[in-house]
Amino acid sequence: MLFDGINWRHIQIPDAVPREIAISERQQIYLGSFNDIGRLVVDSVGTIIYESFSPMLPDTLDMTNVLNVWAVNEEVFFVTRRMTYVYSESEENIRLISTTHASASIVIKDDFYLVLQGLGLTRFQDGAFEPVSGGLQFDQMDISALFEYGDGVMGVVSNENGVFLFEDGRLVDQEVLSPEFLTDKLLYQTLKLSDEYVAFLFFRAGVMIFDREWKIVQYLDEASGLNPRSHVMFLDKSNDLWISTNSDIVHAEINSPVTVIDHRLGGTKEYMHHFPH
């Protein structure tokens, strides 16, 4: 679905359901789905269509679900459990850069980080993944997500261990959200909203927005009108949050730090707009 600010348009993507999206500095949209990766292009008559990268990949392609898509300068990284690819916008080619099992990734200050089995946290530089000091600790944890906390500090979420900050080679437990809660609610995605706020999306509990002191400043849940079966978050240029759920697409206006969407905290459902599939 493509929204131009007024109307929705449905773009056919054969045999695939997009789960991850990234927009490059060239304003090119890249998509990752089950067993396929590609981009949106404009055809000869001006229609936006999906172009798969499959013809550029080996016939033995078996990537399963795409975990993350990241656009960094003129490179686009596609992360799956089994394989990691990078597409060069300047050279218009794609290459395989890892066949090691991956669990989570993040981009911080134009550096691409990836957690690889047996290596822990690595950074992509000079065409290869290099271990990060202290990163081997990540290999002993079931990492659910990485996020940018601010000031170049990396946040780490493990459903089995909790929420941590990684700085100077050390993992520091933030003592927020117990492993029992994380395991039961199933964290799907984390997203930095600004230097002050980060959002956690749960498959069974909606979206929680935290400040840097780990106080919940907004909670978008079933009581506030959000289907708790949420899948993907996206932050637009206006710093408004879009959430895809089992039943609809939700536009939540969160660009004001004092906006409260959960009615139990004094807000109303009018802050949220639902677009049924």
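Residues numbered from 1 in each chain as written. Predicted model: local features only at pLDDT ≥ 70, side-chain atom pairs only at ≥ 80, totals over all residues. Heavy atoms only, no water.

Novice: Tell me about the sheet that holds strand β18 (residues 170-173), and name the residues and values.
Specialist: Working definition: the strands of a sheet are paired by backbone hydrogen bonds and lie parallel or antiparallel to each other. Read from one edge to the other, the open sheet built from 4 strands follows the order β15-β16-β17-β18, with strand pairing classed as antiparallel. Of all strands in the sheet, those bounded by a partner on one side alone are β15 (143-150) and β18. Ignoring strand direction, the axes of neighbouring strands in this sheet form an average angle of 30 degrees. Across 5 bridges, strand β16 (residues 153-158) lies against strand β17 (residues 162-167) in antiparallel orientation. Counterpart to M154 in the pairing with β17 is F166. (Pairing = 2+ DSSP bridges. Helix = DSSP H or I, 4+ residues; strand = E, 2+ residues; numbered from the N terminus. Axes fitted to C-alpha atoms, helices over the stretch in contact; angles between N-to-C directions.)

Novice: Describe in detail the sheet that holds strand β6 (residues 48-52), supporting the description with residues and values.
Specialist: Taking strand neighbours across the sheet as the criterion, the 4 strands line up as β3-β4-β5-β6 in an open arrangement whose pairing is antiparallel. The outermost strands of the open sheet, each flanked by one partner alone, are β3 (20-23) and β6. Geometrically, the sheet is characterised by an average inter-axis angle of 25 degrees between neighbouring strands, direction not taken into account. As paired elements, β3 and strand β4 (residues 29-33) share 4 bridges and run antiparallel to each other.

Novice: How would you summarise the packing of aromatic side chains if you had to cite specific residues and measurements?
Specialist: Tallying each qualifying case throughout the model produces 19 aromatic pairs. Residues F77 and F112 carry aromatic rings whose centres are separated by 4.1 Å and whose planes lie at 15 degrees to one another, so their mutual orientation is stacked. Of the two residues, F77 sits in strand β8 (residues 75-80) while F112 sits in strand β12 (residues 111-116), which places them 35 residues apart along the sequence. Given a relative accessible area of 2%, F77 falls into the buried group. Note on F112: relative accessible area 1%, which makes it buried. Put simply, the rings of F147, Y149, F181, F200, F202, F210 and W214 pair up and form one aromatic cluster. (Phe/Tyr/Trp six-rings, centres within 6.5 Å; stacked < 30°, edge-to-face > 60°. Buried < 20%, exposed > 50% of the residue type's maximum accessible area, 1.4 Å probe, protein only.)

Novice: Please provide a residue-by-residue account of a nonpolar patch on the surface, values included.
Specialist: Together, I21, I23 and F234 make up a nonpolar patch on the protein surface, roughly 220 Å² of accessible area in all. Mapped onto the elements, I23 comes out in strand β3. (Patch = residues over 30% accessible without salt bridge, like charges linked within 9 Å, V, L, I, M, F, W, Y side chains within 5 Å. Areas by Shrake-Rupley, 256 points an atom, 1.4 Å probe, with all protein chains shown as cover. Salt bridge = Lys/Arg side-chain N within 4 Å of Asp/Glu carboxyl O.)

Novice: Got a sec to walk through unusual backbone geometry? Specific residues and values, please.
Specialist: Of note in this structure, N73 is not a glycine but carries a positive phi near 55 degrees. Tracing the backbone through its elements, the reader meets N73 in the loop between β7 (66-72) and β8. Although it is not a glycine, L186 sits at a positive phi angle of roughly 60 degrees. Here L186 is to be found in the loop between α1 (179-185) and β19 (187-192).

Novice: Describe the side chain of R39, with residues and values.
Specialist: Secondary-structure assignment places R39 in strand β5 (residues 36-42). Relative accessible area serves as the criterion here: at 16%, R39 is assigned to the buried category. A polar atom in the side chain of R39 sits 2.7 Å from the side chain of E51. At 3.1 Å, the side chain of R39 and the side chain of Y87 are in polar contact. (Polar contact = N/O pair within 3.5 Å; in protein donor to acceptor, adjacent residues only side chain to side chain.)

Novice: Got a sec to walk through the side chain of N68? Specific residues and values, please.
Specialist: Structurally, N68 can be placed in strand β7. Given a relative accessible area of 16%, N68 falls into the buried group. At 2.8 Å, the side chain of N68 and the side chain of S105 are in polar contact. Apart from the residues lying within four places of it in its own chain, the contact partners of N68 are E20, F77, F78, V79, A104 and S105. (Contact = heavy atoms within 4.5 Å.)

Novice: Give a detailed account of the pattern of salt bridges, specifying residues and quantitative values.
Specialist: Pairing between side chains becomes possible if they bear opposite charge and their charged atoms approach one another. For the structure on display, the rule yields 7 salt bridges. One salt bridge in this structure joins E51 and R39, with 2.7 Å as the shortest N-O distance. Remark: R39 occurs in strand β5 and E51 occurs in strand β6; sequence separation between them is 12 residues. For E51, a relative accessible area of 32% translates into the label partly exposed. A single salt-bridge network, built from bridges that share partners, covers R26, E74 and E89.

Novice: Can you tell me about the confidence of the model for the protein chain, naming the residues and giving the values?
Specialist: As a note on interpretation, predicted positions should not be read in detail where pLDDT is low. Residues of the protein chain with pLDDT of at least 70 account for 89%, and the chain-wide mean is 84. Looking over the protein chain, one finds the lowest element-wise mean pLDDT in strand β26 (residues 272-276), namely 41, and the highest in β12, namely 97. Considering only residues more than four positions removed or in separate chains, one finds that residues 255-277, a stretch of pLDDT under 50, has 64 contacts. (pLDDT = per-residue confidence, 0-100.)

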